[in-house]
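This is what each chain is made of:
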Amino acid sequence: MNEQPLRVDDDELRGLLDGQWAHVRERARDVLQGEDFAPVTGLSMEDHRALTTERLGKLAQTGMQTYGFPEEVGGSGDVGASVVAFEMLVPDLSLMVKMGVQWGLFGGAISALGTERHHREYLPGVMSLDLPGCFAMTETGHGSDVQNLRTTATYDPKTEEFVVHTPDESARKDYIGNAARDGRAAVVFAQLHSAGIDHGVHALMVPIRNEDGAAAPGVTIEDCGHKAGLNGVDNGRLWFDQVRVPRTDLLNRYGDVGPDGAYTSSIESKNRRFFTMLGTLIRGRISVAGGAGSAAKAALSIAVRYGDTRRQFTRPGPEGEPEREVRILDYLAHQRKLLPALARTYALHFAQEELVTRLHELHGAEERDEHAQRELESRAAGLKAMATWHAGDTIQTCREACGGAGYISENRIPQLKADSDIFTTFEGDNTVLLQQLTKGLLTNFQDAFGDLDQLGLARFMASKMFETAIERTAAVPLIDRLIAAAPGRGGSTSLYNRGWQIELLEDREKHVVEGLAARLRRARKDGADAFEVFNHAQDHVLRAGRVHMERVVLEAFVAGIDRCGDTSTAKLLNRLCDLYVMSVVEEDRAWFLEHERLSTARAKAVTAAVNELCQGLRPYAVQLVDAFGLRDEWLAAPIALGREHDRQGDTVPERGRV
């Protein structure tokens, strides 16, 4: 490795990470200051909820909540900006989630599923907080399986009303944000019945509280109570007992009921209609991936800064000089804890930006591109799963890396862990999401529109022959050039050759997905039960989703580096990208060895490369976390803000060499 120190351009690095919506990130840094938005600990549940609601009102005064709403009702029409604004609320994850409920889920559903009349009637109040609301989709008995929700909305032509009803306990709406305390209306997802026909899941506006705060007639509200985290968000349960709402409160962009009960829709297929409606709500899932990334960045910022000043154990000094305790980040074991996680966080950041950009482009397109929309939904499912699992693992690693200090509430990491843990299961359970992603990897599956249930999927798979194809996701010409320039897969190829790295992960993905397709074909020929075929292959299905996303994330990282305008900064990022790839390969050494993609000597060289990269990147670790642009008051952790430095009279280490 080159021993010359790199003169990294901090502004270039920050600008690269801030990306297309840098103005939104800078606006957040300017606005989210002082006691109004500072992290808090130790509040009672009621006090925390009250504070979060108060903060939401102050956030509404900044105008940041208008980004994602239509211009016709006072919004900015900038969907990408709305996702980035959500990501930036890292000082208070309860506020982040409550913002997401009010303006992302509740307001977003009205925007996506309603028509112009609904927009005019409801969205100004949603943006101003005059109409606080809920997104009532999940039921006690049905979370991931939205298509089989049991709440009903039955049309009564005599009164031109829908009758919304909870038929049994499993159909109660559960874990609903804003329901326990603040919400006055809810977008309720229910099975729509009209003229004796079930038209599938649709959404309706339903009042849940009167002006005085009491539950509306026929509505029962229950508090979910204290949670492991996010106790500033008032999650509750809702029951509906023959609650009547006007016919016009059906959010009817994709399906409508006339006064006489006649149902009409521009999408004839019930299955296709359902998944089209669900696909319009993908922004929430993408936002959660970004929010998880922010939580991981905050934890790493705290742990890396602490590791850069905290000393433990001595090393001999030059003769005649006193011994000095060693900074814990100088230990390879500590570097191995934090730096691969930092590399993956950077990689996921670029993948997230690419996903938000695609969401923004498709939202603004004049015509709906079905293939592109399905691809976006699959990618969002995979990235949400990978980003939220990564956040959980990284925050736990950071907790351990900070020792006892990382367990103290004032140092923020315990709260980050508690608040972000639920990210792995809301907006889609990660295991289910990876299965959804893998379905799209099997060519020809997209011929059958929609995300079939498991039994339907198994039958579909058992009746088809499959081929697989690797589809590029970012900077296609660049990726192709890198692979073309790679010298091959031989043992003499440098581990740091980017084309070789991309080809290695592509080869693994192709092998795993083709193996899955072959496994399903064999089961079909053997006459096995269709459901059992899919059920027995779930380990393979999940693995296919993971390896696909690791390759996609690498491509996004490579594309991000290509946008860097400073040579030294790009060189540092290339080394960080090397660490991402080598750590991914090291984690899966068994597969690469079993399938003879790496020799034993080559596998050992990968571990040596991880060590070498960690040691070379160590001097830049603080600079790399500072580039996230998280204000010190957002971190609010004494161990990240100089307490250890002050205690030891230490000096800040010089930037090092790569």
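Here, every reference points to the structure presented above.
Residues numbered from 1 in each chain as written. Predicted model: local features only at pLDDT ≥ 70, side-chain atom pairs only at ≥ 80, totals over all residues. Heavy atoms only, no water.

> Any chance you could explain the overall build of the chain here in plain terms?
Of the regular secondary structure elements, the chain holds 23 helices and 13 strands. Taking 26 Å as the expected radius of gyration for a compact globule of 658 residues, we find that the chain reaches 26 Å, a close match to that expectation. With respect to the principal axes defined by its C-alpha atoms, the chain has extents near 95 × 65 × 40 Å. Per-residue burial over the chain gives 57% buried out of 658 residues. Carbon together with sulfur atoms contributes 48% to the accessible area of the chain, which is approximately 26,500 Å² in total. Of the side-chain charges in the chain, 76 are positive and 96 negative, and the distance between the mean point of each set is 4 Å. (Helix = DSSP H or I, 4+ residues; strand = E, 2+ residues; numbered from the N terminus. Rg over C-alpha atoms; globule rule 2.2 N^0.38 Å. Buried < 20%, exposed > 50% of the residue type's maximum accessible area, 1.4 Å probe, protein only. Areas by Shrake-Rupley, 256 points an atom, 1.4 Å probe, with all protein chains shown as cover. Lys, Arg positive; Asp, Glu negative; His and termini not counted. Charge placed at Lys NZ, Arg CZ, Asp CG, Glu CD.)

> Quick question: what am I supposed to make of the layout of surface pockets here?
If a probe the size of a water molecule is rolled over the atoms, the empty space left behind becomes visible. In this structure, the second largest pocket spans a volume of roughly 760 Å³. If you go around the second largest pocket, you meet 34 residues; those closest to its centre are A112, R253, T280, L362 and H363. At the level of elements, α5 (93-113), α8 (283-309), α9 (332-363) and α10 (370-401) are the ones that each hand at least two residues to the lining of the second largest pocket. Counted by class, the lining of the second largest pocket contains 14 nonpolar, 12 polar and eight charged residues. (1 Å grid on protein atoms, 1.4 Å probe; cavity = no way out; pocket = protein on both sides within 12 Å on 5 of 7 lines; lining within 4 Å. Points joined across faces, edges and corners; volume = space filled by probe spheres on them. Nonpolar A, V, L, I, M, F, W, Y, C, P; charged D, E, K, R; others polar.)

> Would you mind showing me how to read unusual backbone geometry here?
Negative phi characterises most residues that are not glycine, and trans characterises most peptide bonds. Here A195, not a glycine, exhibits a phi torsion of approximately 55°, which is positive. Overall, A195 belongs to the exposed group, its relative accessible area being 68%. If you check the backbone angles, E596 has positive phi at about 55° while not being a glycine. Examined against the element boundaries, E596 turns out to sit in the loop between α19 (589-594) and α20 (600-617).

> In this structure, what is going on with the nonpolar core? I would like to understand it.
Burial of nonpolar side chains together is a common tendency in soluble globular proteins. In this structure, F189 and Y346 are the most contacted members of the largest nonpolar core, which totals 172 residues. Among the elements that take part in this core, α9 stands out by supplying 14 residues, more than any other. Within the second largest apolar cluster, 24 residues are counted, among which are Y155, F162, A190 and I208. (Core = buried A, V, L, I, M, F, W, Y, C linked by side-chain atoms within 4.5 Å.)

> When you look at empty space enclosed by the protein in this model, what are you seeing that I'm missing?
All chains considered together, the criterion is met by five cavities of 30 Å³ or more. As a volume, the largest cavity reaches approximately 130 Å³. The wall of the largest cavity is formed by 13 residues, among which A289, G293, L348, H349 and Q352 lie closest to the centre. Among the elements of the structure, α8, α9 and α10 are those that each provide at least two residues to the lining of the largest cavity. Among the elements that make up the lining of the largest cavity, the one with the highest residue count is α8 (five residues). Across the lining of the largest cavity, the residue classes tally to four nonpolar, seven polar and two charged. Reported here for the second largest cavity is a volume of approximately 70 Å³. Lining the second largest cavity are L17, D18, R25, R29, M88, S294, K297, H349, F628 and L630. When contributions to the lining of the second largest cavity are tallied by element, the ones reaching two or more residues are α1 (10-18), α2 (22-31) and α8.

> Is there a simple way to explain the state of the cysteines in this structure?
Each disulfide consists of a covalent bond between the sulfur atoms of two cysteine residues. Enumeration according to the criterion identifies zero disulfides in this entry. Cysteine C134 remains unbridged, with the sulfur of C224 as its closest cysteine sulfur at 11 Å. Of all cysteine sulfurs, the one in C398 lies closest to C614, which takes part in no disulfide; the gap is 14 Å. Given the relative accessible area of 0%, C614 is considered buried. (Disulfide = S-S within 2.5 Å.)

> Explanation requested: the sheet that holds strand β7 (residues 219-223) in the structure shown.
Sheets are built from strands that pair by backbone hydrogen bonding, the pairs being arranged parallel or antiparallel. Taken together, the three strands give an open sheet; going across it, the order is β4-β8-β7, and neighbouring strands pair in antiparallel fashion. Two strands lie at the open edges of the sheet, namely β4 (173-176) and β7, each paired on one side alone. Recorded for the sheet is a direction-independent mean angle of 20° between the axes of neighbouring strands. (Pairing = 2+ DSSP bridges. Axes fitted to C-alpha atoms, helices over the stretch in contact; angles between N-to-C directions.)

It is worth stressing that arrangement in space is one thing and function is another; only the former is reported here.
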